[in-house]
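Inside the fold
Given next are the chains, with one letter for each unit.
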Amino acid sequence: MSNEALSNLSHEDRRFDPPADFAAQANLTAAAYEQADADRLGFWAEQAERLSWESRWDQVLDWSNPPFAKWFVGGKLNAAYNCVDRHVEAGAGEKVAFHWVGEPAEDARDITYAELKDEVCRAANALVELGVKAGDRVAIYLPMIPEAVVAMLACARLGAPHTVIFGGFSAEALSSRVLDCGAKVIITADGGYRRGAPSALKPAVDEAVAKVEAEQPGLVEHVLVVRRTGQEVASTEKDLWWEEVVGRQSSEHVCEFFDAEHPLYVMYTSGTTGKPKGILHTTGGYLVGAAYTHWGIFDLKADTDVYWCTADIGWVTGHSYMVYGPLANQATSVMYEGVPDAPHKGRWWEVIEKYKVTIFYTAPTAIRTFMKWGDEIPASFDLSSLRLLGSVGEPINPEAYVWYRDTIGGSRTPVVDTWWQTETGSILISPLPGVTSAKPGSAMRAIPGIAADVVNDEGESVPDGSGGYLVIREPWPSMLRTLWGDDERFKETYWSRFEGMYFAGDGAKKDEDGDVWVLGRVDDVMNVSGHRLSTTEIESALVSHPKVAEAAVVGATDEMTGQAVCAYVILREAAGDGGDDIITELRNHVAHEIGAIAKPRQIMIVPELPKTRSGKIMRRLLRDVAENREVGDVTTLADSNVMRLISEGAATST
Ligand code: 6R9
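Fair warning: this is a prediction, and the values are worked out from it, not measured in the lab.

What follows is about the overall build of the protein. In terms of helices and strands, the protein carries 21 helices and 30 strands. Considered along the principal axes of its C-alpha atoms, the protein spans approximately 70 × 60 × 50 Å. In the protein, buried positions account for 61% of the 654 residues. Total accessible area computed for the protein in this model is approximately 23,500 Å², and 48% of it derives from carbon and sulfur atoms.

What follows deals with the nonpolar core. Counting residues in hydrophobic clusters, the biggest one holds 144 residues, and the most contacted among them are Leu116, Leu153, Ile187, Tyr324 and Leu327. With ten residues, the single largest contributor to this core is helix 7 (residues 146-158). Apart from the residues within four sequence positions on either side, Tyr324 is in contact with Ala79, Cys83, Met152, Leu153, Ala156, His162, Leu264, Tyr265, Tyr286, Leu287 and His319. Listed in part, the 52 residues of the second largest apolar core include Trp308, Trp348, Phe360 and Phe370.

The seven strands lie next to each other as 5-4-17-16-18-19-20, forming an open sheet whose pairing is mixed. Looking at which strands have only one partner, the edges of the open sheet turn out to be strand 5 (108-112) and strand 20 (415-417). Averaged over all adjacent pairs, the angle separating strand axes in this sheet is 20 degrees, with direction ignored. The strands touched by helix 12 (residues 316-328) within the sheet are strand 4 (96-101), strand 16 (306-309), strand 17 (332-336) and strand 18 (359-362), with strand 16 carrying the most contacts at an inclination of about 160 degrees.

By secondary structure assignment, the location of Gln47 is in helix 4 (residues 40-48). A relative accessible area of 5% means that Gln47 is categorised as buried. Among the polar contacts made by the side chain of Gln47, one reaches the side chain of Arg50 at a distance of 2.9 Å.

The next thing to look at is the site of the ligand. Near the ligand, the surroundings consist of 17 residues, among which Asp417, Thr418, Thr422, Asp506 and Arg521 are the closest. Take Trp315: an N or O atom from its side chain is 2.9 Å from an oxygen atom of the ligand. Here a nitrogen atom of the ligand and a backbone polar atom of Glu394 are 3.4 Å apart. For the ligand, whose unbound accessible area comes to 530 Å², protein coverage reaches 94%. Elements with a minimum of two residues in the shell around the ligand: helix 12 and strand 25 (516-521). Partitioning the shell around the ligand into residue classes produces seven nonpolar, five polar and five charged.

We now examine the sheet that holds strand 21 (residues 452-455). Sheet architecture is open: four strands sit in the order 21-22-24-25, paired in antiparallel fashion. Across the chains shown, the open sheet's two edge strands, defined by having one partner strand only, are strand 21 and strand 25. Going across the sheet, the axis of each strand differs from the next one's by a mean of 45 degrees, ignoring polarity. Alignment of strand 22 (residues 467-472) against strand 24 (residues 502-510), held across five bridges, turns out to be antiparallel. When the bridges of strand 24 are listed, Val471 appears paired with Phe503. Those strands touched by helix 18 (residues 535-543) are strand 24 and strand 25, and its axis lies near 105 degrees from that of strand 25.

On to the pattern of salt bridges, then. Side-chain pairs of opposite charge can arise whenever the charged atoms involved come near each other. Tallied over the entire structure, the rule returns 43 salt bridges. Among the salt bridges present, the one from Lys510 reaches Asp453, with a minimum N-O distance of 3.1 Å. Separated by 57 residues along the polypeptide, Lys510 in strand 24 and Asp453 in strand 21 bring together distant segments of the chain. Across this residue pair, the class does not change: Lys510 and Asp453 are buried. For Glu539, the salt bridge identified is with Arg619, shortest N-O distance 3.0 Å. With Glu539 in helix 18 and Arg619 in helix 20 (residues 619-626), this residue pair connects regions lying 80 residues apart in the sequence. Here Glu539 and Arg619 have matching classes, each one buried. The network of salt bridges with shared partners includes Asp299, Lys301, Asp305 and Arg387.

Once that is clear, we can look at the state of the cysteines. Using the criterion set out here, one finds zero disulfides in the structure. With no disulfide of its own, Cys83 lies closest to Cys255 among cysteine sulfurs, the gap being 11 Å.

Turning our attention to the packing of aromatic side chains. Within the structure shown, the criterion is met by 36 aromatic pairs. Here the aromatic rings of Trp348 and Phe360 are separated by 6.0 Å at their centres, their planes lie at 75 degrees, and the arrangement is edge-to-face. Pair noted here: Trp348 is in helix 13 (residues 347-355) and Phe360 is in strand 18, with a separation of twelve residues, a long-range link. Judged by relative accessible area, which is 6%, Trp348 ranks as buried. Owing to a relative accessible area of 0%, Phe360 belongs among the buried residues under this scheme. Linked through ring pairs, Trp63, Phe68, Trp476, Phe490, Tyr494, Trp495 and Tyr502 together constitute an aromatic cluster.

The next point concerns the UniProt feature "binding site: Mg(2+)" (unreviewed entry) in the protein. UniProt annotation of "binding site: Mg(2+)" (unreviewed entry) refers to Val543, His545 and Val548 when read in the numbering used here. Tracing the chain through its elements places Val543 in helix 18. Residues in contact with Val543, not counting those within four places in the same chain, are Met371, Asn397, Glu399, Val548, Ala549, Glu550 and Ala551. Apart from the residues within four sequence positions on either side, Val548 is in contact with Leu542, Val543, Val569, Ile570, Leu571, Arg572 and Leu586.

The next subject is the UniProt feature "modified residue: N6-acetyllysine" (unreviewed entry) in the protein. When the UniProt feature table is mapped onto this chain numbering, "modified residue: N6-acetyllysine" (unreviewed entry) sits at Lys616. Among the secondary structure elements, Lys616 is positioned in the loop between strand 30 (602-605) and helix 20. For Lys616, the residues in contact, after removing those within four places along its chain, are Trp315, Gly393, Glu394, Pro610 and Lys611.

Right, let's talk about the environment of Glu499 for a bit. Note that Glu499 resides in the loop between helix 17 (487-495) and strand 24. Separated by 41 residues in sequence, Glu499 and Glu458 have C-alpha atoms that sit 9.6 Å apart.

Cis geometry marks the peptide bond from Glu103 to Pro104, where omega comes out at 0 degrees. Tracing the chain through its elements places Pro104 in the loop between strand 4 and strand 5. The amide bond that connects Ala342 to the next residue, Pro343, takes the cis arrangement and shows omega of 0 degrees. Relative to the helices and strands, Pro343 resides in the loop between strand 17 and helix 13. In this model, Gln330 sits at a positive phi of 60 degrees, which is unusual for a non-glycine residue.

We now examine the confidence of the model for the protein. On average, residues of the protein carry a pLDDT of 93, and 97% of them reach 70 or more. A low-confidence stretch, residues 1-8 (pLDDT under 50), is modelled with 23 contacts involving residues beyond four sequence positions or located in other chains. With pTM at 0.93, the complex prediction returns an ipTM value of 1.00.

About the thresholds
- Residues numbered from 1 in each chain as written.
- Predicted model: local features only at pLDDT ≥ 70, side-chain atom pairs only at ≥ 80, totals over all residues.
- Heavy atoms only, no water.
- Helix = DSSP H or I, 4+ residues; strand = E, 2+ residues; numbered from the N terminus.
- Buried < 20%, exposed > 50% of the residue type's maximum accessible area, 1.4 Å probe, protein only.
- Areas by Shrake-Rupley, 256 points an atom, 1.4 Å probe, with all protein chains shown as cover.
- Core = buried A, V, L, I, M, F, W, Y, C linked by side-chain atoms within 4.5 Å.
- Contact = heavy atoms within 4.5 Å.
- Pairing = 2+ DSSP bridges.
- Axes fitted to C-alpha atoms, helices over the stretch in contact; angles between N-to-C directions.
- Polar contact = N/O pair within 3.5 Å; in protein donor to acceptor, adjacent residues only side chain to side chain.
- Near = heavy atom within 4 Å.
- Nonpolar A, V, L, I, M, F, W, Y, C, P; charged D, E, K, R; others polar.
- Salt bridge = Lys/Arg side-chain N within 4 Å of Asp/Glu carboxyl O.
- Disulfide = S-S within 2.5 Å.
- Phe/Tyr/Trp six-rings, centres within 6.5 Å; stacked < 30°, edge-to-face > 60°.
- UniProt positions renumbered as here; feature names shortened; annotations may be inferred.
- pLDDT = per-residue confidence, 0-100.

Structural data, given as structure tokens:
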């Protein structure tokens, strides 16, 4: 990546300081940076004290065989005990762990820590009855219902690594993951609700199990089915009803304590090519990372905050910041089953008002959708309980950040733009809400304990004001340990590009102050007339136009320039069709914001963009349209109709 091309692009000089009263009470202060810099391992050992250990570690980090790390060597703990039992033992049994908000809307209930513990113990006993032992893998394919959390914790309690598969994924996705990790039990439901109507889940499981049987007969021994919607389901001889098997168990279960490096879960994440990667996380380091960052970056005050992370449990964000981090910290959380626009487009704000949510964590894709719908909707709810907002999943466009802070946060709340990955397990780059003077669009800098850098092709640290590749220089507790069953691919994917450094696959730049701006996946970077351009920056320039809600930019082959910039734009509802000159207006706007080199060759106004379960734009598919190819594999799209709409639009536009 050539440095100057990424350095002299967009410009942003808005700054948002933490309010003085927030700074005065913040969990993490600037001193943490110094403390961690002075003694990194000592700092992590201190963070590990947030957990209850059955026996303490002898060594904080064993890095004698890189890139295979061992953290808290010799320590023993149980993740489920840390997330539930110890809080009950400490007298917090009556405290609400989850305000569960189901769909249909009247279906809501509170679950206390004591209730959660009883359910987890019953489910653990049930799994034991089904023959699940420490080390066995269990697949979980459920909607956002309390049983999903219970199932994860029951597995963790037994030391049986879970693999959660997003409920929106197909039978094909489910079977390939079950086969790859060798899961012997699948926990699922008859169906879930979508926009108030039941939608089936079980038929996909039946299809997946049949595929697995064909390849590896007998691998899946049992399918445990939660009755959620009550719809009719075909039953097979492997099926068992959760209510029956779990319902008849004792709520007592004495847990075993596992080695800190015992596998906790496998989470599959799609590679750009090839089969999905099974990211392996282990128990001690992962839980330390999730608990520390959830406490520090979200400034959690467990006694008074009501925390809501909108992520699905099928995404790593749901693992670290809806389940493990908040529960390890004894937080009270909202867990939400539905979608943002049913029964109405103000549903999320209604939930915040009702439960007096204080900390809210969501993704830029959702924020831009709300921007598109207009300010009037959130304005009709009382959002004054909010004191901190977070963003994750993609770079947040500066306009979306400012809108989020002003319209949702009442121009008062700090916004933490948190960079991390399935692989990193927990947040690595983020502002500290009580310390950092935040810049909209920048994840700012590595949090205390983390050594992030931006390097050039040779792996040398780039000077401030330059761009390159985002790397992590030192191991960290919640790092992935390997790819399930594939150490070679693990080394090759993350550790071979730069000697001794973790390569994240993202492009980034350091601004004049040394703050980090993530510029998107390096695979998405465009090369126009020899200049390397970032998708993120051009998208942010488009989103800064008052008529634009969302934008996706790709590079399409061009005879003259190598690649040309093609943009797909969603307009804000208030902008109507944008007017006759909208395309020229937007092209000129990009030229003005960034430079003539970034001016899109083509701009298409579209109703929707293709996105993954976590709201990431699938640019690969948009490149297919821009280059007039048949659209590739759409099985990991959240809504597979979107591509049809876009392709039809492209065919009719000139
Ligand atoms: C947690 C999660 C990881 C990729 C990552 C990067 C992008 C996530 C971001 C961000 C810019 C942020 N990403 N957070 N880019 N700013 N705050 O999203 O995990 O689904 O594995 O995706 O998401 O490209 O490399 P995962």
